[in-house]
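# Breakdown of the fold
Spelled out, the chains give:
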Amino acid sequence: MGNSGGSLTTRTTEDLGRLMLAAGFTDLEDTEVRAEGWQVTDFADAGRRSLANLVQSTRTPAIMVSFLDSDVGFVEALTPDGSRWQGLLNREMAESYEIPLDRFPVERAVAGALAWSAAAGLTPDEEAIRHALTGSALFAEELSSALLAALGLPGATRA
């Protein structure tokens, strides 16, 4: 069992890779630029405060998904005012890894996702968010894509 890195999504007009390195992310992939200034970059690892450091420097909401062997996704999202939410992708697989599901309550994550989306100026789909946070997939990255689309991110597609 190992970590297979993660993905970070935020809106900025600056070089996201440079900002991520300064915030403590490592081994970055190429950045994908999406509509309305949104950018997505995959990374190998992040420090404990990397997401907070990035949001502090960009002053925009960001969402990070860290993957465990592409089987499980740990979602963490933050807004500049300090509002944070966490979620878990591929709960059935997470249970097989003995990850305590009660640490990731679905309704709290849905409420946090809706608030995060509103703070980011997006139009979320509540039912699709709930489905992404409770659904199963062969790869957690599929659920991550579905979650980003459900949050209303421009250019995000449901896998």
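### Considerations on the pairing of strand 3 (residues 38–43)
Burial analysis of strand 3 places five of its six residues in the buried class, which makes it a mostly covered element. For strand 2 (residues 32–33) and strand 3, the ladder comprises two bridges, and the chain directions are antiparallel. When the bridges of strand 3 are listed, Val33 appears paired with Gln39. The turn joining strand 2 and strand 3, which pair antiparallel and follow one another in sequence, is formed by four residues; a positive phi near 60° is taken by Glu36.

### Examining the packing of helix 4 (residues 106–119) against helix 5 (residues 126–134)
As a packed pair, helix 4 and helix 5 sit with axes 10 Å apart at the nearest point and diverge in direction by 135°. With respect to their mutual orientation, helix 4 and helix 5 come out oblique. The two elements helix 4 and helix 5 meet at a crossing, and its hand is right-handed. The residues of helix 5 that touch helix 4, namely those facing Val106, Glu107, Ala109, Val110, Ala113 and Leu114, are Glu126, Ile129, Arg130, Leu133 and Thr134. Per-class residue counts for the contact of helix 4 with helix 5 are seven nonpolar, one polar and three charged.

### Some thoughts on the environment of Thr41
By the element assignment, Thr41 lies in strand 3. Note: C-alpha distance between Thr41 and Ala52 (11 residues apart in sequence) is 16 Å. Apart from the residues within four sequence positions on either side, Thr41 is in contact with Gly6, Ser7, Leu8, Leu16, Met20, Leu28, Glu29, Asp30 and Thr31. At 2.6 Å, the side chain of Thr41 forms a polar contact with the side chain of Thr31.

### Things to note about the side chain of Thr9
When you line up the elements, Thr9 lands in strand 1 (residues 3–11). Every residue in contact with Thr9, bar those within four places of it in the chain, is listed here: Trp38, Gln39, Val40, Pro61, Ala62, Ile63, Leu148 and Leu153.

### Examining the pairing of strand 4 (residues 62–68)
Both faces of the sheet carry side chains from a regular strand, because those side chains alternate between them. Most of strand 4 sits inside the fold, with seven of its seven residues counted as buried. Residues Ala62, Met64, Ser66 and Leu68 line one face of strand 4 and the alternating positions Ile63, Val65 and Phe67 line the opposite face, and both faces are buried. With seven bridges joining them, strand 4 and strand 5 (residues 72–78) adopt antiparallel strand pairing. Bridge pairing links Ala62 to Leu78 in strand 5. In textbook terms, the turn of a hairpin is the stretch between consecutive antiparallel strands, and for strand 4 and strand 5 this stretch comprises three residues, one of which, Asp69, has a positive phi near 55°.

### Topic: the packing of helix 5 against helix 6 (residues 140–151)
Close contact between helix 5 and helix 6 brings their axes to 8 Å; oriented N to C, the two are set at 165°. Judged by the inter-axis angle, helix 5 sits roughly antiparallel to helix 6. In terms of crossing hand, the pair formed by helix 5 and helix 6 is left-handed. For the pair helix 5 and helix 6, contact is made by Ala128, Ile129 and Ala132 and by Leu143, Ala146, Leu147, Ala150 and Leu151, respectively. A breakdown of the residues in the contact of helix 5 with helix 6 according to their chemical character gives eight nonpolar, no polar and no charged.

### Observations regarding the environment of Ala23
With respect to the element layout, Ala23 can be found in helix 1 (residues 16–23). For Ala23, a relative accessible area of 6% corresponds to the buried category. Placed 33 residues apart in sequence, Ala23 and Gln56 show a C-alpha to C-alpha distance of 9.3 Å. Setting aside chain neighbours within four positions, we find Ala23 in contact with Ser50, Asn53 and Leu54.

Scoring rules and cut-offs
Counting of residues starts from 1 at the beginning of each chain's written sequence and follows it residue by residue. Per-residue local features are limited, in this predicted model, to residues with pLDDT of at least 70; the limit for side-chain atom pairs, both in listing and counting, is 80 or more; totals at the level of whole chains, interfaces and linings are taken over all residues. Based on all heavy atoms of the structure, the side-chain values leave hydrogens and waters out of the count. Relative accessibility under 20% of the residue-type maximum defines a buried residue, over 50% an exposed one, and the middle range a partly exposed one, all with a 1.4 Å probe and only protein chains included. In this text, helices come from DSSP runs of H or I with a minimum length of four residues, and strands from runs of E with a minimum of two, each type numbered from the N-terminal end. At least two DSSP bridges between two strands are needed for those strands to be called paired. Axis angles are defined between N-to-C directions and span 0 to 180 degrees, where every axis is a line fitted to C-alpha atoms and, for a helix, only to the segment in contact. Note on terminology: angles under 35 degrees are roughly parallel, angles over 145 are roughly antiparallel, angles of 65 to 115 are roughly perpendicular, and the others are oblique. The handedness criterion is simple: a crossing whose near helix is rotated anticlockwise from the far helix by less than a right angle is left-handed, and one whose near helix is rotated clockwise is right-handed. Should any heavy atoms of two residues lie within 4.5 Å, those residues are considered in contact. Ten residues, namely Ala, Val, Leu, Ile, Met, Phe, Trp, Tyr, Cys and Pro, are considered nonpolar, four, namely Asp, Glu, Lys and Arg, are considered charged, and the remaining ones, Gly among them, are considered polar. Residues adjacent in sequence count toward polar contacts only when both atoms are side-chain atoms; beyond that, a polar contact is any pair of N or O atoms within 3.5 Å, and within protein one must be able to donate a hydrogen and the other to accept it.

Nothing here speaks to function; it is geometry throughout.
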